[in-house]
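# An overview of the molecular structure
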Amino acid sequence: MDDYLLDPIEMQALNVLPMPVVVVGDGHGILYANTAAEDFFQSSAVVLKRQRIDDLIAFGSPVLALVEEVQRRGSSVSEYRLDLGSPRLGSDRVVDVFASPLPGHGDTVVLMLQERTIAEKMDRQLTHRGAARSITALGAMLAHEIKNPLSGIRGAAQLLEATVPDSERMLTQLICDETDRIVKLVERVELFGDERPTERDPVNVHDVLDHVKRLAQSGFARHIRFNEIYDPSLPPVSGNRDQLVQVLLNLVKNAAEAIGTQSIDGEITLTTAYRPGIRMQVAGSSGRIALPLEIGVRDNGPGVPADLLPHLFDAFVTTKAQGSGLGLALVAKVIGDHGGIVECESVSRRTTFRILLPLHQLRARQTA
């Protein structure tokens, strides 16, 4: 069998669908694949039609049982949140599957896949962004109401230090140290209150990553091996270089701390890639923006606990005993201000933070 299963109008309609569609025949052979399926499986339709659906997805996948159920019953079946993960497709390919028989063609089954991962990431990212901004007013208030009295407390402790015996100066120094620590914490919260427009210019992501890598290797990550997997043709991102350095330095520092100082095989992998086709709804408008630029920071540490993963970008959530829980919330805010999204995937020995950002758009020069 070949494309004669579908008439030209049907094939044209299927090719414009954004969701992958494959037609599976007897013996699970692939008879047809639309353009979205070519992108999903990273193969041309010609190559796909030489294979069986079993060759493309994980062994024992529920999708195979779904195909056989449709062939047996002769009626449509749908399943949600099925994992198609395989070495070929990657470890995190969760889809909704809609399977229907093709009338008049025996055991032929039409499979339509709707990938949930990106949609769920975007929904979570909007929640993360809202969580970060929900403490904006709190940050502005705390900055004024707490920093002023803390300055007085520190000054009083310094005056006392000159009058107390040497054996008690440790206590006055403790007051000063803890006061300084609280001030730094409040200043980090205060950053959430900065709603000024971000100065954006074309930024070379690889220059930013190289700078962050040099900073890390000269300090907190000198014991860790760095790997780089870059797309050399990546175009500039529209962003603020200093803020992107701050974000990536935060992620690399978190990765190094997760690996720990005692690890002898610690690795951090920095990646860039161009991912066309990813779009996000712009809040307050009907427009959608493309987010094709991907930056990744991956480590081989122990991973993030599963119960914390959905809340990792919320303020005051942390896996560190001495952490404030503001670092990743600030990452979410900065990337959100850049019009992008950030997400984390984590299993044992493999935690990946991915940032998706828009391209730099050249503004048309106004003429008089």
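Owing to the predicted nature of the structure, the values given are computational and were not obtained by experimental measurement. Counting from 1, residues in each chain are numbered in the order their sequence is written. Totals for whole chains, interfaces and linings use all residues, but because this is a predicted model, local features are given only for residues with pLDDT of at least 70 and pairs of side-chain atoms are given and counted only at 80 or more. Note that water and hydrogens are dropped before the side-chain values are worked out from all heavy atoms of the structure.

The next thing to look at is unusual backbone geometry. If you check the backbone angles, His28 has positive phi at about 70° while not being a glycine. Structurally, His28 is set in the loop between strand E1 (21-24) and strand E2 (30-33). Accessible area is worked out with a 1.4 Å probe on protein chains only. A residue is then buried under 20% of its type maximum, exposed over 50%, and partly exposed in between. Since its relative accessible area comes to 8%, His28 is described here as buried. Non-glycine residue Gln42 carries a positive phi angle of around 55°. Helix numbers and strand numbers start at the N terminus; a helix is a DSSP run of H or I with at least 4 residues, a strand a run of E with at least 2. By the secondary structure assignment, Gln42 is in the loop between helix H2 (35-41) and helix H3 (45-48). Judged by its relative accessible area of 66%, Gln42 is exposed.

This brings us to the pairing of strand E9 (residues 267-274). Among the eight residues in E9, six count as buried, and that is most of the element. For two strands to pair, DSSP has to find at least two bridges joining them. In the sheet, strand E7 (residues 225-229) pairs with E9 via five bridges, with the strands oriented parallel. Looking at the pairing, Ile229 lines up with Thr271 of E9.

The next thing to look at is the sheet that holds strand E14 (residues 350-357). Adjacent strands of a sheet pair through backbone hydrogen bonds, lying either parallel or antiparallel. Pairing in this open sheet of five strands is mixed, and the strands run E7-E9-E12-E14-E13 from one edge to the other. Both outer strands of the open sheet, E7 and strand E13 (341-347), are each paired with one neighbouring strand and no more. Taking each pair of neighbouring strands and ignoring which way they run, the sheet shows an average axis angle of 15°. Between two residues, a contact is recorded if the distance between any of their heavy atoms is within 4.5 Å. Every axis corresponds to a line fitted to the C-alpha atoms, with the helix fit spanning only the stretch in contact, and the corresponding angles, defined between N-to-C directions, vary from 0 to 180 degrees. Taken strand by strand, helix H10 (residues 327-337) contacts E13 and E14, and its axis lies near 140° from that of E13.

Let's shift gears to a nonpolar patch on the surface. Residues enter a patch when their relative accessible area is above 30% and they make no salt bridge; the linking distance is 9 Å between like charges and 5 Å between nonpolar side chains (Val, Leu, Ile, Met, Phe, Trp, Tyr). Per-residue and other accessible areas were derived by the Shrake-Rupley procedure at a 1.4 Å probe size, with only the shown protein chains allowed to occlude residues. The term salt bridge refers to a side-chain nitrogen of Lys or Arg lying within 4 Å of a carboxyl oxygen of Asp or Glu. A grouping of Met170, Leu171 and Leu174 is seen on the molecular surface, where their side chains present a nonpolar patch of about 330 Å² in accessible area. Mapping Met170 onto the fold places it in helix H7 (residues 169-190). Overall, the relative accessible area of 62% leaves Met170 in the exposed class.

Below, the discussion takes up the confidence of the model for the protein chain. Of the residues in the protein chain, 73% reach a pLDDT of 70 or more, and the chain-wide mean stands at 78. In the model of the protein chain, helix H5 (residues 117-133) stands out as the element of lowest mean pLDDT, 54, in contrast to E7, which has the highest, 95. Confidence of the predictor at the level of single residues is captured by pLDDT, which takes values from 0 to 100. Counting contacts from residues 363-368, a segment whose pLDDT is below 50, to residues more than four positions away or on other chains yields zero contacts.

Once that is clear, we can look at the nonpolar core. Only buried residues count toward a nonpolar core, which is a set of Ala, Val, Leu, Ile, Met, Phe, Trp, Tyr and Cys residues joined through side-chain atoms within 4.5 Å. In terms of nonpolar packing, the biggest core is built from 39 residues, with Leu248, Leu251, Ile268 and Ile355 touching the most fellow members. Those elements that place two or more of their residues in this core are helix H8 (205-217), helix H9 (241-259), E9, strand E12 (293-299), H10, E13 and E14. At nine residues, H9 tops the list of elements feeding residues into this core. Excluding residues within four positions of it along the chain, Ile355 makes contact with Val247, Leu248, Leu251, Leu293, Glu294, Ile295, Ile335, Ile341 and Val342.

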